[in-house]
Amino acid sequence: MLCAWRLGGLELRAAALWPGRAGLGGFGAGIRAREVSTSWSPVGAAFNVKPQGRRLDLFGERRGLFGVPELSAPEGFRIAQENALRKADLLVERVCSLPPGPQTVLIFDELSDSLCRVADLADFVKIAHPERAFREAAEEACRSIGTMVEKLNTNVELYQSLQKLLADKKLVDSLDPETRRVAELFMFDFEISGIHLDEEKRKRAVDLNVKILDLSNTFLMGTNFPNKIEKHLLPEHIHRNFVVTGSHVIIDGLHAEAPDDLVREAAYKIFLYPNAGQLKCLEELLSNRDLLAKLVGYSTYSHRALQGTIAKNPETVMQFLEKLSDKLSERYNIEPSLYCPFFSLGACMEGLNILFTKLLGITLYAEQPAKGEVWCEDVRKLAVVHESEGLLGYIYCDFFQRADKPHQDCHFTIRGGRLKEDGEYQLPVVVLMLNLPHSSRNSPTLLTPGMMENLFHEMGHAMHSMLGRTRYQHVTGTRCPTDFAEVPSILMEYFANDYRVVTQFARHYQTGQSLPKNMVSRLCESKKVCAAADMQLQVFYATLDQIYHGKHPLRTSTTDILRETQEKFYGLPYVPNTVSLHGKQEYYYHLLRARRQTTSSCFAREPLISLSNNPVS
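Residues numbered from 1 in each chain as written. Predicted model: local features only at pLDDT ≥ 70, side-chain atom pairs only at ≥ 80, totals over all residues. Heavy atoms only, no water.

As named in an unreviewed UniProt entry, the protein chain is Mitochondrial intermediate peptidase, taken from Ursus americanus. Recorded in UniProt under Subcellular location (unreviewed entry), the annotation for the protein chain is "Mitochondrion". UniProt's Sequence similarities (unreviewed entry) comment on the protein chain is quoted here verbatim: "Belongs to the peptidase M3 family." (UniProt positions renumbered as here; feature names shortened; annotations may be inferred.)

Below, the structure is given as structure tokens:
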């Protein structure tokens, strides 16, 4: 099974597309260029021009999603999960029969990898694939693998095989620091899952975890459902800003960057109108999380969730949030639409390429995906290549809006990097998912400053996954404490708002004119529209998350708590009959903590200082 995934096409074609190799010009063969007076680098062209579509290929091999042969059809997820579960059983049997030693940690990591390679991929496909059959098959795979993980985390024999290693001081002292740390992290997973409980309570913990997994999935999917309203209830002149079907207007997001304040107001009130099913799901999810935390020995779910982070406990988090809330103040404004012509998607991708080349000696190369490898024809595939280390991994760029696609900007790990037993390095594979507008007949996709900053932020996660090369996939890339995982992405936001970086790539998509100096200065000094208000919003969500996952039962309804918390921590008043709940609320504290950690950056004096002389590690 691992071999099949390895040979699924994820690493076979990059050599044909790098400079100096045959086939470099092939990507442009199916490209229709626009009449613009500027030229783009290959990576810029890959995002600023529209493919005509793949040539008719009646005999070519269909490789399957991400080059995985089984995933050429939805039924392949069942094959993939069965293979992963079968391999997991063999690895459990193997590690339990061997004497403790470094090999114990290697087998644990291989066990984790065999399950994550299916679960991580399925976790993305279940929300992003345009075909319902693929989404449903991926969701079932997630549930099956997730259940197996929870059972393993309460498997006493498996736990004892690791405990024997960590209880032997001589053996522990012989381990290198990385191996010792990974062993401790696996032990930590056992402990927070209730391995110390009796058999009946361990089974209860597994059942609660599976129920939480189902509720979380239902809640997350529900946050992306659009709301609709009868057409006659909205002014006719704003209908064109939304999707109209029959007698209804469909509101599928907040439209926060719309220039018309009436459009923003309507979108806010309608999209965030309370959904009774979502509120019930949330309350049940919070209740079950609280039950799980108490069952395994924590006073609240927040204490359990924060134990492995830098903050360590909710008391530290609340002190940080309250101090930050007291210090926030407003900054002045800019007009985003004036900047869009200078921030074409291709120009921004060129800017990232320039930044990575100068800082890290890394270049992004656009590849043509194989038949069946991507889930939508506008997905782009990038090979990440280091000047001395060679190919580091792959980034799939799912950047454009489509029906039923969640309105979230996210980074997904599809496959983590690790050093395999044969000495070969398993290359990481990730997806960046954005919701950018499609190009028009007359222009490429144009980004607002906020969209450009989000692109840099998510690419920071992707490069963390590429550069965080470890022996064990359990700690590779972004698989680290969550409040540290946001540091590279927040650092990329600072680059996106540094005039010395912006001037390297911001140019008009038609004329090639650079962004005028006064506009660059105003953009970078303002940082972002209402920067303090944006941070206040993050403080509000982070505080709300701590309250929701604090002491239970909650003293009042989740909606009343939201209203009270907003009035205390957010500068804008609560709007009646709205409920602003997002699937990523638990990450807002981590974003704020990471922002604090990166404010005194070593790049402040010179943002484009080369780090490429340092080895990739």
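Picking up where we left off.
Undergrad: Could you clarify how one ought to interpret the pattern of salt bridges in this entry?
TA: When their charged atoms lie close together, side chains carrying opposite charge are able to pair. For the structure shown, the criterion picks out 22 salt bridges. Among the ionic pairs, Asp-214 bridges to Arg-143, the shortest N-O distance being 2.8 Å. Here the residue Asp-214 occupies a position in helix H9 (residues 199–222), and Arg-143 occupies one in helix H5 (residues 132–152), the gap between them amounting to 71 residues. Using a relative accessible area of 28% as the deciding quantity, one classes Asp-214 as partly exposed. Taken together, the shared-partner salt bridges connect Asp-113, Arg-117 and Arg-418 into one network. (Salt bridge = Lys/Arg side-chain N within 4 Å of Asp/Glu carboxyl O. Helix = DSSP H or I, 4+ residues; strand = E, 2+ residues; numbered from the N terminus. Buried < 20%, exposed > 50% of the residue type's maximum accessible area, 1.4 Å probe, protein only.)

Undergrad: Help me understand the sheet that holds strand S12 (residues 429–436) in this model?
TA: Overall, mixed pairing links the five strands, which are arranged S6-S7-S8-S12-S9 in an open sheet. Of all strands in the sheet, those with a lone pairing partner are strand S6 (362–367) and strand S9 (410–415), marking the two edges. Taking the axes of each pair of neighbouring strands and ignoring which way they run, one obtains an average angle of 25° across the sheet. For strand S8 (residues 390–400) and S12, the ladder comprises six bridges, and the chain directions are parallel. Of the residues in S12, the one forming a bridge with Cys-397 is Leu-432. On the sheet, helix H4 (residues 102–128) packs against S8, S9 and S12 and is oriented at approximately 140° with respect to S9. Running over the sheet, helix H14 (residues 345–360) touches S6, strand S7 (380–386), S8 and S12 and is turned about 140° from S6. (Pairing = 2+ DSSP bridges. Axes fitted to C-alpha atoms, helices over the stretch in contact; angles between N-to-C directions. Contact = heavy atoms within 4.5 Å.)

Undergrad: Any chance you could explain the nonpolar core here in plain terms?
TA: It is characteristic of soluble globular proteins that their nonpolar side chains tend to be buried jointly. Ranked by size, the top nonpolar core spans 49 residues in total, and within it Phe-343, Met-349, Ile-395 and Phe-399 carry the most contacts. Apart from the residues within four sequence positions on either side, Ile-395 is in contact with Arg-380, Lys-381, Leu-382, Val-384, Val-430, Leu-432, Met-459, Ala-462, Met-463 and Met-466. If you look at the next biggest cluster of nonpolar residues, it comprises 39 residues, including Leu-279, Leu-292, Tyr-298 and Tyr-541. (Core = buried A, V, L, I, M, F, W, Y, C linked by side-chain atoms within 4.5 Å.)

Undergrad: Quick question: what am I supposed to make of the sheet that holds strand S3 (residues 227–230) here?
TA: What links the strands of a sheet is backbone hydrogen bonding, and the strands pair in either a parallel or an antiparallel sense. Strand order in this open sheet of three strands is S3-S5-S4, and the pairing throughout is antiparallel. The open sheet is flanked by S3 and strand S4 (243–245), the only strands paired with a single partner. Each strand of the sheet is rotated relative to its neighbour by a mean of 30°, with strand direction disregarded. The pairing of S4 with strand S5 (residues 248–251) spans three bridges and is antiparallel.

Undergrad: For this particular structure, what's the right way to read the environment of Lys-231?
TA: With respect to the helices, strands and loops of the structure, Lys-231 is situated in the loop between S3 and S4. For the pair Lys-231 and Val-244, spaced 13 residues apart in the sequence, the C-alpha separation amounts to 8.0 Å. Other than its neighbours up to four places away in sequence, Lys-231 contacts His-239, Val-244, Gly-246, Ser-247, His-248 and Val-249.

Undergrad: Teacher, can you tell me more about the packing of aromatic side chains here?
TA: The description of an aromatic ring pair rests on the distance of the ring centres and on the angle between the ring planes. Applying the stated criterion across every chain yields a total of 15 aromatic pairs. Ring plane angle 5° and centroid distance 6.0 Å describe the contact between Phe-540 and Tyr-570, whose orientation is recorded as stacked. With Phe-540 in helix H20 (residues 531–548) and Tyr-570 in the loop between helix H21 (558–569) and helix H22 (588–597), this residue pair connects regions lying 30 residues apart in the sequence. Accessibility expressed as a relative area gives 15% for Tyr-570, which makes it buried. These aromatic residues form a ring-pair network of at least three members: Phe-66, Phe-124, Trp-375, Tyr-396 and Phe-412. The lysine or arginine in question, Lys-381, covers the ring of Tyr-394, its NZ or CZ lying 4.5 Å from the ring centre. Lying across the ring of Tyr-425, Arg-469 places its NZ or CZ 4.3 Å from the centre. (Phe/Tyr/Trp six-rings, centres within 6.5 Å; stacked < 30°, edge-to-face > 60°. Lys NZ or Arg CZ within 6 Å of the ring centre and 35° of its normal.)

Undergrad: For this particular structure, what's the right way to read unusual backbone geometry?
TA: A negative phi angle characterises most non-glycine residues, just as the trans form characterises most peptide bonds. A cis amide bond links His-552 to the next residue, Pro-553, at an omega of 0°. Locating Pro-553 in the fold gives a position in the loop between H20 and H21. A positive phi is found at His-255, a non-glycine position, where the angle reads about 50°. Residue Asn-577 is not a glycine yet carries a positive backbone phi of 65°. Residue position: Asn-577 is located in the loop between H21 and H22.

Undergrad: Just checking my understanding: could you explain the side chain of Asp-398 for this structure?
TA: One can find Asp-398 in strand S8. The class for Asp-398 is buried, based on a relative accessible area of 0%. One polar contact links Asp-398 to Trp-375, side chain to side chain, over a distance of 2.8 Å. If we ignore the near neighbours within four places in the chain, the residues touching Asp-398 are Phe-124, Ala-128, Trp-375, Val-379, Lys-405, Val-431, Leu-432, Met-433 and Leu-434. (Polar contact = N/O pair within 3.5 Å; in protein donor to acceptor, adjacent residues only side chain to side chain.)

Undergrad: Looking at this model, I keep getting lost on the side chain of Asp-290. Mind explaining?
TA: The topology assignment puts Asp-290 in helix H11 (residues 276–295). On the accessibility criterion, Asp-290 (7% relative accessible area) is buried. Non-local contacts of Asp-290, meaning those with residues more than four positions away in its chain, are made with Ser-299, Thr-300, Tyr-301, Gly-550 and His-552.

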